[in-house]
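Understanding the architecture of this molecule
Chain by chain, the residues:
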Amino acid sequence: MKRYFSKNERETIGLAKKIAGRLKGGEVLLLQGELGAGKTTFVKGLAQAFGIKERITSPTFVLMHQHRIKDKGLRIKYFVHCDAYRVKSARELGDVGLIDWLGKPDTLVVVEWGEKIKPLLRGKKYTTIKFQHGKKENERIITIRA
Ligand SMILES: Nc1ncnc2c1ncn2[C@@H]1O[C@H](COP(=O)(O)OP(=O)(O)OP(=O)(O)O)[C@@H](O)[C@H]1O
Ligand SMILES: [Mg+2]
């Protein structure tokens, strides 16, 4: 387990970029934390690190966005961003095709409200990243558990 403190949005982006540098492909990151905790901000940092130019927004209604990673030097080719906030059953994300991406060696899967998709993972490896508010308005405590 590793715990980080972020003082502002920029630091959360910076942490995401640092984490991105360690990812090899095939990872599933489950982001947890209440509304406004910083999950999408973290996803923006990851996307920046992979050179994704499209605007990153929470796929609250379509549930899943797929981005192609164009950098030929990277093993990760696809960045899949899900938001399970509105999902009542993990099956809804299964239905939009998430299962096909999970654990694919050329794909990074990141799921906001990720605890909700655990039924789809069945034995697959995942990392949870938890976002909590700190004492001050812009402080966040970010805990990573592989
Ligand atoms: N240290 C920080 N890290 C991340 N975001 C911060 C920080 N301090 C302030 N913020 C602000 O908090 C908000 C975080 O919003 P964000 O969309 O990332 O949250 P979220 O967890 O994805 O919420 P939701 O569940 O609604 O999707 C942004 O407005 C951001 O500017
Ligand atoms: Mg969000």
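Quick caveat: nothing in here was measured; it's all calculated off a predicted structure. (Residues numbered from 1 in each chain as written. Chains lettered and ligands numbered in written order. Predicted model: local features only at pLDDT ≥ 70, side-chain atom pairs only at ≥ 80, totals over all residues. Heavy atoms only, no water.)

1. Let's talk about the coordination of the magnesium ion (ligand 2)
- Every protein donor of the magnesium ion (ligand 2) is listed here as T40 (OG1), S58 (OG) and E112 (OE), and their distances to the metal cover 2.0 to 2.7 Å.
- Mapped onto the polypeptide sequence, the residues donating to the magnesium ion (ligand 2) form the spacing pattern T-x17-S-x53-E. Placement of T40 in helix α2 (residues 39–49) and of S58 in the loop between α2 and β3 (64–68) is noted, with a sequence separation of 18 residues between them. (Donors = N, O, S within 2.8 Å, 3.2 Å for Na, K, Ca; no water. Helix = DSSP H or I, 4+ residues; strand = E, 2+ residues; numbered from the N terminus.)

2. A word on the site of ligand 1
- Taken together, 18 residues form the shell around ligand 1, and within it E9, T12, K39, T40 and T41 come nearest.
- Side-chain polar atom of T41 to an oxygen atom of ligand 1: 2.6 Å apart, as the coordinates give it.
- W113 is positioned such that a nitrogen or oxygen atom in its side chain is 3.3 Å from an oxygen atom of ligand 1.
- The protein chains hide 75% of the 640 Å² of surface that ligand 1 would expose on its own.
- If you list the elements that add at least two residues to the shell around ligand 1, you get α1 (9–20) and α2.
- Top contributing element to the shell around ligand 1 by residue count: α2, with three residues.
- Partitioning the shell around ligand 1 into residue classes produces three nonpolar, nine polar and six charged. (Near = heavy atom within 4 Å. Polar contact = N/O pair within 3.5 Å; in protein donor to acceptor, adjacent residues only side chain to side chain. Areas by Shrake-Rupley, 256 points an atom, 1.4 Å probe, with all protein chains shown as cover. Nonpolar A, V, L, I, M, F, W, Y, C, P; charged D, E, K, R; others polar.)

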